[in-house]
Amino acid sequence: MSAAPPPPTPKHIVRSHGAQVNVVCFSDDNERILSGDATGVVVVTSTRSLRALANWKAHTDGILGLQEFEEQIITHGRDNKLHVWRRIFEPSRSLGGSAALPGLQTPQLCYSLDVNALNFCRLALLPLPPEARADDRHALIAVPNLVESSYADIWTLPGKQRLHAAIGKEGQTSSASDGRDVRNAIGIIMSMHLMSAPHPHAAGRSRLRLLCAYENGSVTMREYTREDKEVSIEGMGWDVLWTVKHHVESVMAMAVSKDSSFALTVSADHLIGRYNLADAERPETREAACTVYRTKHPGNACVAMRDDGRVCAVGGWDGRVRLYSTKSFKPLGTLSYHKKNCQSVAFARSQLQSLPREAAGGGDEEEDEMSEDEKEERARWLVSGGQDNRVAIWSLIEFGKT
Amino acid sequence: MENVAATQSAFQRLKSSCVPLLANSLLTPTSIPAVSKLLSDLHNTLAQLQASGYAFAPATISYVFFPLSSLLRRNDLPSIPDRILEKILNILALLSEPWWWDMDVVAWEQVFMICSAILGGIDRKGKGKERDEETKVAAANCLWSLLHERIPTEDPSSPANRDRARAIFDTFRKHAQTAKFLPVLGQTLNALMVTAESPHLPLQRISLQVLSTMMKDYLPDAFVPSVLPGTISSMSKVALGAGSQRGWANGDIVAAALLVMQYAIIRAVGDDTCVREGVVRSVDHLEDLLGSGSTGSEPSGVQSRSPYSTQRTESWLKGTASQLHIALNALSPLVRHQTPTALIGLATFAASILSATTLTVPQSQSLLLSFLLSLQASPFERVSAQADTSLRQILTSSSSSRHHILQVLLQISRDNLAALPRLLLSHADSKVEHVATMLAAVCRLATPRRGPPLPAISAISSGVGKLLGPHGGVEKWGWSLLSTLEFTNPPVIVTQTSAAQLFLENNPSTAHVVPFPELTFRHVSSQSARQALEEMFRALGTTAGEESLFTIEWFVDVGQSGRGRRAVAALWCACRLLEGAGRVSFDPSSSPTSVINRGRRLEKVARDIARRIAETWDTWEDEELPQDAEPTSSTDENTLIEHVQGLVTIRGVPGTEQTAPSSHPHSAVQPILHRALSLQLLAITAGILESRFLPLLLHVLYPVLHGIVSDTSIVSASALAALNFITTSTSYATPANLLLSNFDYALDSVSRRLTRRWLDVDATKVLAVLVRLVGRDVVQKAGDVVEECFDRLDEYHGYEVIVDGLVEVLGEVVKAIEEDEDNRLPRESRTTFRGPPVVDDAHWLDSFMEWFRHRHDKVEAESEPEPTRDASYPREAWGKKDEDTVDGDDAPAPKSGRARPGEDPFEEAPPTPTQTLTTQIVSRSVYFLTHGSPTVRARILLLLARSVPVLPESALLPSIHHAWPFILNRLADAETFVVSAAAALVAALTEHVGDFMARRVWDDVWPRFRELLKRLDRADASSALSRRSGGGGVGVGTESAYTHSHRLYRAIITTMTAAVRGVQPQDAATWELVVLFRRFLHAQAHEELQACARELYGALCENNEDAVWLGLAATLGWVGGSVAFLAEPKWDIEGNVKMFLKC
């Protein structure tokens, strides 16, 4: 076995933020890195020039969630707003044009949604397949319930219709009618993931599922089983498939693999929970499906998974990002740069989604500024955002057959 | 009518000369002067008539001719004196011009013969005396007027008749070619050849003129081959100036001689003639091949009957052609003739021969082409244009010869390229230059010409493209070229700060065009040869365009594979080729006006190259020195050629082993050159990519900046040039602008080099130069720099080099902030302590009397504000004045609760970004006051001293207060320079925040200073460096201003001066000061210290003049009594004392 590679250093540091970075994520084509900070500023950084393409104050309070959805950017702030912006495009550089950089653009606001942000839970987005789309329904979005942060609502985008309200309410004992004075045992939702699962009986149809991670360290999978009604209230029709509680502290972050086969959770303790979603449904395999791994480092703030689901990155309160194999939880390496809490990590997309061609302004023009090798290398990038206002870009190795 | 009158008057005028001339037609010694005069008159008259446009009637001509003919007839020709003959011939020449049109053949023949005889000197056979040159010139002139062809419009009688001129000319020509006349013609030819070599310039000129017309028109076809060898030989002699003492001929003579040769060659062995005679066959069509049998038998032609003619046969042609080739080869020196006329003549010559003898003299084609190519590269515009035009015409002509010549051209290029390594090794500078120029000239043909639009030769560009393309075999020719293109290592001058850096510091804002430093080849010494080589590669690149990218990449590969001589040479080649292919020019004068469209592939390659250079920039230092295998392999390849330079080596014992290779003066690894060329290559890629280069700055900025801080001048100069070139290519105004706009990139790359993985010790220097280059504008970006520095300081605090570097960067930042005048805080009201008002001596009791009078008054006067603080107190309630404006504010409510910051003079203004930055620096740097390295401690102290003026008190004072014990301890530091730095900080603090420092100075600092002074005094006494006064007495301080003790003294005195000015001292302390610092007023002390001391005492005088007076007067011995012990006669302080004490 050859000597271990030297400790990696960040490939680049993006210093666009003036406050702690709360969220980072990649665009679907890896062309942009989106990052949001505690003052509500969102920065879109080009992965080519490593310069900000847009830098604007999207929210008056810190950013909770941030995601690019096709031509739009969805931002979720603690100012109880969810904004949908029109994505900006990289200004195409005309041949022989002047070197002066055009001023940064501010994306155009498409519409907004009022949400409850008195919690730490970021939105969960489910883009609908093309055949299921309607004019006012391109995607579903799950956010905490407007009044009670331990329940979830599901809205449509861009129609802004609330399809399901207060998911999670039904299963609870409704002994206290006023609802306020009873201590909620499970606490507020810390993280959510909305997905669709194939219908158990009818082919070609699917059911909505919502995976929630709670303040008390438990993870619950719910499914909407009512066939007759599309819209639900009071969490009716949402059946709990399973609930597992591994963590002793509240879940800080949850990541679901791209193929929705398993989920990972991290918390303030030193555990990483792994939930095999398919096996967890059956009571007999549930024990084996939901396992917990003990790491040596307590206090984890965020978790992200690579597209192929083989590698995960866990950002800790010590500012380090640790990489693990998702199968064996063998440590793959530690990325140490941030001096404070690492708030968010994100992997670049390794399987690029083919975007509609018309999107890229003068696509061919820009294409060859980056060679295929560079694009491959970029697909192995990882970004981490920390409390020290920095966004670090790391270039990882392949982790081939380990 | 008028015509008749004119004739009459002309006749009358001519008659006046002709009649007496006839009378004196028999020449006697007595009549010669008269005849001579008459002839002159006649000549003048004729010349006048001709000038006035008079049309000579045949009768008139006959009338004039008659006396002349009788003169010639009645006298024996040899006995006619030269002078007379010359005049006669001149008149004849004049006469023949119009006469030609009506001359009968006999007269023509007669005049021709007489001229020929005179020219050849046969008229005086046996006398052994030649006619003089003037006579011969006249004869040749006369011949010229007989022979030269007229154009129809010159016809005096009927210009409309176009055929007449032609007909007359043909008549004469036919007559000349008759067998009977041919000997005369031959004789004349011979005579002219002889005269053409005459040193007499007019004779030479006219002879060549006549020769050319004879060669062109009069000699029979069959006769020309007979005279060809002679003509060529004598004409080459003329053209080369072989006979003359100068060794070269005049330009027009060369051109004329070449013209004669050209006619002779074309007429003797021209394609047309030879094809007609069946010597060679022109194959233009398939039919030509079919008829191969029939043409062979034809040659035994009619002309064989002529006794003087030469039969053209294949063997004859072969022989002639090879002889001709030798002759043409001999003309090579003409290419470097000084006059453009000769060069144009040569170009015409070469071009005509080339196009007329493609079939017959193939072996000379390459030679002639090389003439044309060299001429095309001539510095004379006309010559170059002429050669270029002819080449293009030849290469685009419709005839089949075009392909053939093109082949030859490409062959030349190939041969030249192949010969280049050998020539380089043999140090044949001129040959190298020649070869390089030719290749460049070939390449130039591939692009269309702009002036008069001429087509491009596409075949050349495709040919060169093939050569440089994937199938061109660069792997083969490249290696041999690279092994010979060696560069000499530049003289290494290691300086602490590079020249470029100094340059930047002098003038950071102006953008100068900085040239890249010139590199010297090992095997090429002349400047012109080097330029030719550069030009050649550039032209190759331009011609091949994108096809050359393969070769460029290959060279870059080789260049990146090591740091050896070959790699350096490969980089150089890549630079030049890319320059050509990308049409980038470092020359500022040749800025292209039009936008050059460069291909996608080119840009891609350029981008790749830039990335590669940037990526490999760091790696090389770890690399091992290449093994010694390389030099041996390189010598193996060139064993054939040995160039010995310098002294002849003498072998000690013959036969013994002496193969120990002489120590190579050029080391195999040339990292400096490699760097310099890499920077050049970067600049070229920037020139290609222009504004698209911007994203690459992320990678490229670090190498460039790193180059600038290099301690070898060639690298730093290259880097500076590259930075400037990149700046202009990416259309920034100045390098500072470029760096400022791309500060994030630069900082990113520097911070990357400061990580444990990529640690580069020079990175801090790069950061420092970055800050310095950007200058004042850095302030807005400096937060990141400072952050970065402290992060790294935390990480590397144990490594002195890095800490030192980082602290230096911080110093740069503070300096940049300091330079910004806006950051100077207006602190006047608090900084200067004003002592009690100076009272005039006459009135000094007044105030006492005043006080005495009022001492029992009530104390209401006490409430009045102190006079010293008048200005700083407001006279009315705070905020009252600005009430109205504040009310207009959008949010007055939240403000009303507390005092408004802007209106309270004692509340600090909100900190500006600069101040926040400095605060950051100060608060984080105080921890380093106890750093293990004294330099770091000193630097931090100086840094703090620097930041004092720009910091708001609210930020500064807590830090200082917090760090005060550390600062005090530094005053007791083991290293003197740390102590002086600490003293400087205290001085700065006292100067700017006096009231804050008041207690501290007198309580904490002064006792330490006192100790210090005493210690230093003792140390000086035993120091070898201490200053001795002239009279053998003890001096004060040290001799030099560059000792630590001197600096410390200076720091202490300035601190105390500031303290006295800024802080109200206690009387005891004042007295101590007065006593202790006396010695610095000693006239033998260092001048600088004296000046400082005077300053100090000046400040003390403002405060307590009496104490100063007492102390100093006692020292001088003016005052006795209780202070007599102060007298120090060994100190000569009187001069200084008188300067500030009014006594």
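Residues numbered from 1 in each chain as written. Chains lettered and ligands numbered in written order. Predicted model: local features only at pLDDT ≥ 70, side-chain atom pairs only at ≥ 80, totals over all residues. Heavy atoms only, no water.

Side note on the overall build of chain A
Counting its regular elements, chain A contains four helices and 28 strands. When burial is assessed residue by residue, chain A has 55% of its 402 residues classed as buried. Restricting to contacts in chain A with at least 6 residues of sequence separation, those with at least 24 account for 52%. Per element, the accessible surface of chain A, about 17,600 Å² overall, is 51% carbon and sulfur. (Helix = DSSP H or I, 4+ residues; strand = E, 2+ residues; numbered from the N terminus. Buried < 20%, exposed > 50% of the residue type's maximum accessible area, 1.4 Å probe, protein only. Contact = heavy atoms within 4.5 Å. Areas by Shrake-Rupley, 256 points an atom, 1.4 Å probe, with all protein chains shown as cover.)

Some details on the overall build of chain B
Scanning chain B for helices and strands turns up 49 helices and two strands. Per-residue burial over chain B gives 50% buried out of 1143 residues. The long-range share in chain B, meaning contacts at least 24 apart out of those at least 6 apart in sequence, stands at 76%. Here chain B has roughly 53,000 Å² of accessible surface; of this, 55% comes from carbon and sulfur atoms.

Things to note about the confidence of the model for chain A
All names here are of chain A. With 85% of its residues at a pLDDT of 70 or more, chain A has an overall mean of 81. Confidence drops under pLDDT 50 across residues 93-100; counting only partners more than four residues distant or on other chains, this segment forms 17 contacts. Confidence drops under a pLDDT of 50 for residues 354-366, and excluding neighbours within four residues, the segment shows twelve contacts in the predicted structure. (pLDDT = per-residue confidence, 0-100.)

Things to note about unusual backbone geometry
Put simply, Leu157 of chain A and Pro158 of chain A share a cis peptide bond, and its omega is -5°. A positive phi angle, close to 65°, is found at Asn80 of chain A, a residue other than glycine. Within the secondary structure, Asn80 of chain A is located in the loop between β7 (72-77) and β8 (81-86). Positive phi, close to 50°, is recorded for Ser731 of chain B, a residue that is not glycine. With respect to the helices and strands, Ser731 of chain B occurs in the loop between α31 (713-729) and α32 (735-741). Relative accessible area serves as the criterion here: at 45%, Ser731 of chain B is assigned to the partly exposed category.

Notes on the pairing of strand β28 (residues 391-395) of chain A
Residues and elements named next belong to chain A. The element β28 is largely enclosed, with a buried count of four among its five residues. Note: strand β1 (residues 12-14) against β28, three bridges, orientation antiparallel. The partner of His12 across the bridge, within β28, is Ile393. Alignment of strand β27 (residues 381-386) against β28, held across five bridges, turns out to be antiparallel. Bridging from a neighbouring strand, Leu382 pairs with Trp394 of β28. In sequence, β27 turns back onto β28 through a hairpin of four residues, with Asn389 there showing a positive phi of about 70°. (Pairing = 2+ DSSP bridges.)

Some thoughts on helix α19 (residues 401-425) of chain B
All names here are of chain B. When the terminal C-alpha atoms of α19 are compared, their 36 Å separation across 25 residues agrees well with the 36 Å that a helix rising 1.5 Å per residue should span. Where α19 bends most, at Ala419, the angle is about 35°, and the proline Pro421 comes one to four residues later. Residue His427 follows α19 closely and has a positive phi angle near 60°. (Expected span 1.5 Å × (residues − 1). Bend = angle between axes of the 7 residues up to and from the residue.)

Some remarks on the packing of aromatic side chains
Enumeration over the complete set of coordinates arrives at 20 aromatic pairs over all chains. An aromatic cluster is defined as three or more aromatic residues linked by ring pairs; in this entry it consists of Trp100, Trp101, Trp108, Phe112, Phe172 and Phe181 of chain B. Taking NZ or CZ as reference, Arg51 of chain A lies 3.9 Å from the ring centre of Tyr745 of chain B, over its face. We note Arg274 of chain A situated over the ring of Phe262 of chain A; from NZ or CZ to the ring centre the distance is 4.2 Å. (Phe/Tyr/Trp six-rings, centres within 6.5 Å; stacked < 30°, edge-to-face > 60°. Lys NZ or Arg CZ within 6 Å of the ring centre and 35° of its normal.)

Considering the sheet that holds strand β5 (residues 52-57) of chain A
All names here are of chain A. Taken in spatial order, the four strands make up an open sheet running β2-β3-β4-β5, and their pairing is antiparallel. Either end of the sheet is taken by a strand with one partner, and the two such strands are β2 (21-26) and β5. For this sheet, the mean angle separating the axes of adjacent strands, direction not counted, is 15°. Bridge count for strand β4 (residues 41-46) against β5 is five bridges, and the pairing is antiparallel. From the neighbouring strand, Val44 faces β5, where its bridge partner is Ala54. (Axes fitted to C-alpha atoms, helices over the stretch in contact; angles between N-to-C directions.)

Details of the domain arrangement of chain B
Residues and elements named next belong to chain B. The domain boundaries assigned to chain B delineate domain 1 (1-101) and domain 2 (103-125 + 134-155 + 162-210). Taking only C-alpha atoms into account, the centre of domain 1 sits 20 Å from that of domain 2. Taken residue by residue, the interface counts 16 residues in domain 1 and 27 residues in domain 2. When the two sides are added together, the surface that domain 1 and domain 2 hide from each other amounts to roughly 2,000 Å², 68% of it contributed by carbon and sulfur. When residues of domain 1 are sorted by the area they lose upon contact with domain 2, Leu89, Trp100 and Trp101 head the list and together hold 44% of the total. (Domains from an automatic or database assignment. Buried area = accessible area lost by both parts, 1.4 Å probe.)

Points about the sheet that holds strand β14 (residues 189-198) of chain A
Residues and elements named next belong to chain A. Read across the open sheet, the four strands follow the order β14-β15-β16-β17; overall the sheet is antiparallel. On the outer flanks of this sheet lie β14 and β17 (238-245), each paired with one strand and no other. Averaged over all neighbouring strand pairs, the angle between strand axes comes to 20°, with direction disregarded. Sheet analysis places β14 next to strand β15 (residues 206-214), joined by nine bridges and oriented antiparallel. Within β15, the residue paired with Ala197 across the bridge is Arg207.

Let's talk about the pairing of β4 of chain A
Successive residues of a regular strand alternate their side chains across the two faces of the sheet. Residues and elements named next belong to chain A. With respect to burial, β4 is a largely interior element, six of its six residues being buried. What you see with β4 is no split at all: Val41, Val43 and Thr45 on one side and Val42, Val44 and Ser46 on the other are buried throughout. In this sheet, β4 lies alongside strand β3 (residues 32-37) in antiparallel orientation, the contact comprising five bridges. Along β4, the bridge assignment pairs Gly36 with Val42. Two successive antiparallel strands, β3 and β4, enclose a turn made up of three residues, where Gly40 displays a positive phi of approximately 90°. The hairpin formed by β4 and β5 contains five residues between the paired strands, and Leu50 there has a positive phi angle of roughly 55°.

Observations regarding helix α48 (residues 1087-1116) of chain B
All names here are of chain B. With 30 residues, α48 should cover 44 Å at 1.5 Å per step; its first-to-last C-alpha distance of 20 Å lies more than 12% under that length. By the largest-angle criterion, Asn1104 marks the main kink of α48, which is about 125°. Immediately beyond the C-terminal end of α48, within one or two residues, lies Gly1117, with a positive phi of roughly 85°.

A short note on a nonpolar patch on the surface
All names here are of chain B. The grouping of Leu845, Phe848, Met849, Trp851 and Phe852 at the surface amounts to a nonpolar patch, some 510 Å² of accessible area in total. In this fold, Met849 is placed in helix α38 (residues 844-854). Residue Met849 is classed as partly exposed on the basis of its relative accessible area, which comes to 40%. (Patch = residues over 30% accessible without salt bridge, like charges linked within 9 Å, V, L, I, M, F, W, Y side chains within 5 Å. Salt bridge = Lys/Arg side-chain N within 4 Å of Asp/Glu carboxyl O.)

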